[in-house]
Amino acid sequence: DAKTTQPPSMDCAEGRAANLPCNHSTISGNEYVYWYRQIHSQGPQYIIHGLKNNETNEMASLIITEDRKSSTLILPHATLRDTAVYYCIGLSPLGGYQKVTFGIGTKLQVIP
Amino acid sequence: DAGITQSPRHKVTETGTPVTLRCHQTENHRYMYWYRQDPGHGLRLIHYSYGVKDTDKGEVSDGYSVSRSKTEDFLLTLESATSSQTSVYFCAISDGLRGNEKLFFGSGTQLSVL
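Keep in mind that what you see is a predicted model, and the values were worked out from it rather than measured.

A. Broad picture of the overall build of chain A. Along the backbone of chain A there are zero helices and nine strands. Going from N to C terminus, chain A has its helices and strands arranged as β-β-β-β-β-β-β-β-β. A compact globule built from 112 residues would reach a C-alpha radius of gyration of about 13 Å, and chain A, at 13 Å, matches this within 12%. With the C-alpha coordinates aligned to their principal axes, the bounding extent of chain A is approximately 40 × 30 × 25 Å. Counting only residues that meet the buried cut, chain A has 50% of its 112 residues in that class. Across chain A, every contact between residues at least 6 apart in sequence was considered, and the portion connecting residues at least 24 apart equals 57%. When the accessible surface of chain A is totalled, it reaches about 5,600 Å², and 51% of it is carbon and sulfur. Within chain A, the 9 negative side-chain charges are centred at a point lying 4 Å from the centre of the 9 positive side-chain charges.

B. Structural view of the packing of aromatic side chains. This model, assessed by the stated rule, comprises 19 aromatic pairs over all chains. Judged by centre distance (6.5 Å) and plane angle (80°), the rings of tyrosine 36 of chain A and phenylalanine 105 of chain B are edge-to-face. With tyrosine 36 of chain A in strand E3 (residues 32-38) and phenylalanine 105 of chain B in strand E10 (residues 104-105), the pair connects residues from two separate chains. For phenylalanine 105 of chain B, a relative accessible area of 12% gives the class buried.

C. Structural detail: the pairing of strand E7 (residues 70-75) of chain A. All names here are of chain A. When strand E2 (residues 18-23) meets E7, the two strands line up antiparallel, connected through six bridges. By the bridge assignment, proline 21 is partnered in E7 with threonine 72. Pairing of strand E6 (residues 61-64) with E7, which is carried by four bridges, proceeds in the antiparallel orientation. Its bridge partner being in E7, isoleucine 63 is matched across the sheet by threonine 72. As consecutive antiparallel partners, E6 and E7 are separated by five residues, and within that stretch arginine 68 has a phi angle of approximately 65°, a positive value.

D. Highlighting the nonpolar core. Ranked by size, the top nonpolar core spans 22 residues in total, and within it Tyr36, Tyr97 and Phe102 of chain A together with Tyr33, Tyr35 and Leu103 of chain B carry the most contacts. With four residues, strand E8 (residues 84-91) of chain A is the largest single contributor of residues to this core. Ignoring anything within four residues of it in the chain, the contact list for tyrosine 97 of chain A reads Tyr34, Tyr36, Ile89 and Leu91 of chain A together with Tyr33, Tyr35, Ser94, Glu101, Lys102 and Leu103 of chain B. Core analysis: the second largest hydrophobic core is formed by 20 residues, Ile27, Leu73, Ala84 and Val110 of chain A among them.

E. Seen up close, the layout of surface pockets. Here the largest pocket is characterised by a volume of approximately 600 Å³. Lining the largest pocket are 25 residues, with Gln42, Gly43 and Pro44 of chain A together with Phe105 and Gly106 of chain B sitting closest to its centre. For the lining of the largest pocket, the secondary structure elements donating two or more residues are strand E4 (45-50) of chain A together with E10 and strand E11 (109-113) of chain B. Tallying contributions element by element places E4 of chain A first for the lining of the largest pocket, with three residues. Taken together, the residues of the lining of the largest pocket break down into 11 nonpolar, 11 polar and three charged. Of the volumes computed, that of the second largest pocket is approximately 380 Å³. Residue lining of the second largest pocket: 20 residues in total, with Gln38, His40, Val85 and Tyr87 of chain A together with Gln37 of chain B positioned closest to the centre. Elements with a contribution of two residues or more to the lining of the second largest pocket: E8 and strand E9 (106-111) of chain A together with strand E4 (31-38) and strand E9 (87-94) of chain B.

Conventions adopted
Residues numbered from 1 in each chain as written. Chains lettered and ligands numbered in written order. Predicted model: local features only at pLDDT ≥ 70, side-chain atom pairs only at ≥ 80, totals over all residues. Heavy atoms only, no water. Helix = DSSP H or I, 4+ residues; strand = E, 2+ residues; numbered from the N terminus. Rg over C-alpha atoms; globule rule 2.2 N^0.38 Å. Buried < 20%, exposed > 50% of the residue type's maximum accessible area, 1.4 Å probe, protein only. Contact = heavy atoms within 4.5 Å. Areas by Shrake-Rupley, 256 points an atom, 1.4 Å probe, with all protein chains shown as cover. Lys, Arg positive; Asp, Glu negative; His and termini not counted. Charge placed at Lys NZ, Arg CZ, Asp CG, Glu CD. Phe/Tyr/Trp six-rings, centres within 6.5 Å; stacked < 30°, edge-to-face > 60°. Pairing = 2+ DSSP bridges. Core = buried A, V, L, I, M, F, W, Y, C linked by side-chain atoms within 4.5 Å. 1 Å grid on protein atoms, 1.4 Å probe; cavity = no way out; pocket = protein on both sides within 12 Å on 5 of 7 lines; lining within 4 Å. Points joined across faces, edges and corners; volume = space filled by probe spheres on them. Nonpolar A, V, L, I, M, F, W, Y, C, P; charged D, E, K, R; others polar.

Written as C-alpha cells, this is what we have:
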C-alpha cells in the first residue's frame, strides 16, 4: 500500500475552508485514498474515500490530482468540532487494512 | 455508529500480570483488528483476524496474543504485561468489501502497566 506524507499540523479559522494535503506519490493504480479523523482521544472515524474522481459527501470533499500522486481533503466550513488529527491512507483492494500504516497524520486546529 | 464495544475502558495493572482486553461487535463484520496508539507513533497494528479462529500478526505483535472463537468477539491478551505496553488500545472492524471498505473503531481502552 502507498506510503503517504502529510504535514504534521495546520491551523484554520472557524468558518473558513480547511484544505488538508496528502502526498501519495507511490500509489498504485488500484489503490484507493481514504481519509479518517480522530477527535481528541476517541477512535478514528471514516470521512471519505476515492480512487480517481473527486468525491463529496456530507462531511467533506476529496480532490485527487489527475496523476493521483496527491490529494486534498476539504472541510468547506470548518467548525471548532473539526479540530482533530486527520489521517490519509492508501488502501489496496487486494491487501486490506492489515497492510496499511497509519502515520501520525495532520493535527488540524480550528481557531475561533 | 457501528456496534463496537471495548472492555474495559480503563485498566491499571502491575508488571508481570496477564491482561485481556475484549472487543465485541454486532455488525457481523469479517475482519477485526487490534491497534495500539502511542504519542509520536500513530496507530500501529498488533494483530488482526479474518474469520473465526483465523488470526495473523501485525506490525507490533511481540508480547501479545489474540483469539477469536466467535464472529463477534476478538480478545487481546498480554501474557505478562510490561510498562512498555502502557498505551491506548483500539479495536476496529471492517466488512472486507474491497473498494468500499471502511474501518470502524471502538472507543478505546486506556491501559496503564505500573
